[in-house]
Protein chains: 2
Amino acid sequence: MKKIITIGREFGSGGREFGRRLSEALGIAYYDQEIVSEIAKRTSLSEQYVQSIVEQRPVFSFPIHIGRSFYPTANPIFEMNMAVYQEQARIISEMAAKSSCVIVGRCADYILRDDNPFRIFVYADMDSKIKRCLEKAQEGEKLTEKEVKQQITSIDKKRAQYYAFYTGHTWGDKLNFDLCINTSHTAIKEIVPAVAKLFG
Amino acid sequence: MKKIITIGREFGSGGREFGRRLSEALGIAYYDQEIVSEIAKRTSLSEQYVQSIVEQRPVFSFPIHIGRSFYPTANPIFEMNMAVYQEQARIISEMAAKSSCVIVGRCADYILRDDNPFRIFVYADMDSKIKRCLEKAQEGEKLTEKEVKQQITSIDKKRAQYYAFYTGHTWGDKLNFDLCINTSHTAIKEIVPAVAKLFG
């Protein structure tokens, strides 16, 4: 049976890592903001990507780096651009129709609501989000704890606005999710096998 | 390694069933409001109960029925009675010191905070809580959907007050839990093996 899993996440909570590991554990496709944006630019990629999953080639073959940066280039998530949203929503619907997948962000829980996705929200307390961001800081990013905290707050505020704008719902409200996972005290790689068992 | 698992829950979400099944799956002790109240009355019971767990006898040997009723007799949860709270907190701490256990309700997440319990919150949307309550209604309980909804709202309001009074925290705030489980669309018996795997 096809599995559609959507993941909402607070910035710095490790939601992408969780989604990536879960897709690996289940052997299904993985999409996030960067991948969806890239597919929107180059349609041929979507076919290649799904094909690579179907052929059981490594999930990581898709040419998008894993990580995060405070300095994204031309990041459409913060543009309240209906055309971009609609194009990305169309891509997400197409991808979900093609194969089982994990989709991080992009209001996918709402876009795919008629497909009854399993909806996960990944969150953490501020201290652990700051710690994770500092650990994953890329070279050249020299931010203080205070600056990191400001960035986290600012990015999540924009995510909440984006989500509310396109869905009419409150971002992070646990009633909109089937499972909410706090990564403050538990290692993501230890949570993934348990969550994967839900779909086994 | 000892496992201490605390479960907060909305009324009608199946939190007790979840806790009971999880304790069975893990083969560890189970306590809830009724059991703790009963132990508070008859101290000798606690020894018997823990002994029955240690000897791997059925977890269900404890002489407390499983179920729920809108008509509890002398239910101390709704009395803001510091003496009762303190006595029950002492019992919970003692039980947790003796053996691995699942504890439902009673602010156990807060009482045992120094033991780093794994904190679960079980919740559901109102429709599914009403449905569950109507299905589990005991003979002689003939309530309409509207009445059940009022009861659920009223009981959870009191739980929130009780929790806030003794812990100073907001009841059901996901930051106070490691895992929040929505039972609206997923069968509890299907969730339990996955959650048990976290402790395997």
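Look above for the structure.
Residues numbered from 1 in each chain as written. Chains lettered and ligands numbered in written order. Predicted model: local features only at pLDDT ≥ 70, side-chain atom pairs only at ≥ 80, totals over all residues. Heavy atoms only, no water.

Asker: How should helix H1 (residues 15-26) of chain A be read in this particular structure?
Answerer: Residues and elements named next belong to chain A. Compared with the 16 Å implied by 1.5 Å per residue over 12 residues, the 16 Å span of H1 between its first and last C-alpha is a close match. Taken together, the buried positions of H1 are Gly15, Arg16, Phe18, Gly19, Arg20, Leu22, Ser23 and Leu26. Immediately downstream of H1, the backbone of Gly27 shows phi near 65°, a positive value. (Helix = DSSP H or I, 4+ residues; strand = E, 2+ residues; numbered from the N terminus. Expected span 1.5 Å × (residues − 1). Buried < 20%, exposed > 50% of the residue type's maximum accessible area, 1.4 Å probe, protein only.)

Asker: Where do I start with the relation of the copies chain A and chain B in this structure?
Answerer: Two chain copies here: they are related by a rotation about an axis and a translation along the same axis. In screw terms, the move from chain A to chain B is a rotation of 180° and a rise of 0.0 Å along the axis, fitting with an RMSD of 0.0 Å. Expressed as an axis order, the relation between the two copies is that of a two-fold axis. Counting the interface residues of chain A, we find that 100% of their copies in chain B are interface residues as well, pointing to one common contact surface. (Least-squares fit on C-alpha atoms with pLDDT ≥ 70 in both. Contact = heavy atoms within 4.5 Å.)

Asker: Explain the pairing of strand E1 (residues 4-9) of chain B here, please?
Answerer: When a strand is regular, its side chains alternate between the sheet's two faces. Residue and element names in this part refer to chain B. Among the six residues in E1, six count as buried, and that is most of the element. Judged from the four bridges that link them, E1 and strand E3 (residues 101-104) form a sheet pairing that is parallel. Each bridged residue has a counterpart across the sheet, and for Ile7 the counterpart in E3 is Val104. (Pairing = 2+ DSSP bridges.)

Asker: Is there a simple way to explain the packing of aromatic side chains in this structure?
Answerer: Two descriptors summarise a pair of aromatic rings, namely the distance from one centre to the other and the angle between the planes of the rings. Residues and elements named next belong to chain A. Overall, the coordinates contain 16 aromatic pairs over all chains when judged by the stated rule. Taking 3.8 Å as the distance between ring centres and 0° as the angle between the ring planes, the aromatic pair formed by Tyr85 and Tyr166 counts as stacked. In this pair, Tyr85 sits in helix H4 (residues 82-98) while Tyr166 sits in helix H7 (residues 145-167), placing the two residues 81 residues apart along the sequence. With a relative accessible area of 10%, Tyr85 lands in the buried category. (Phe/Tyr/Trp six-rings, centres within 6.5 Å; stacked < 30°, edge-to-face > 60°.)

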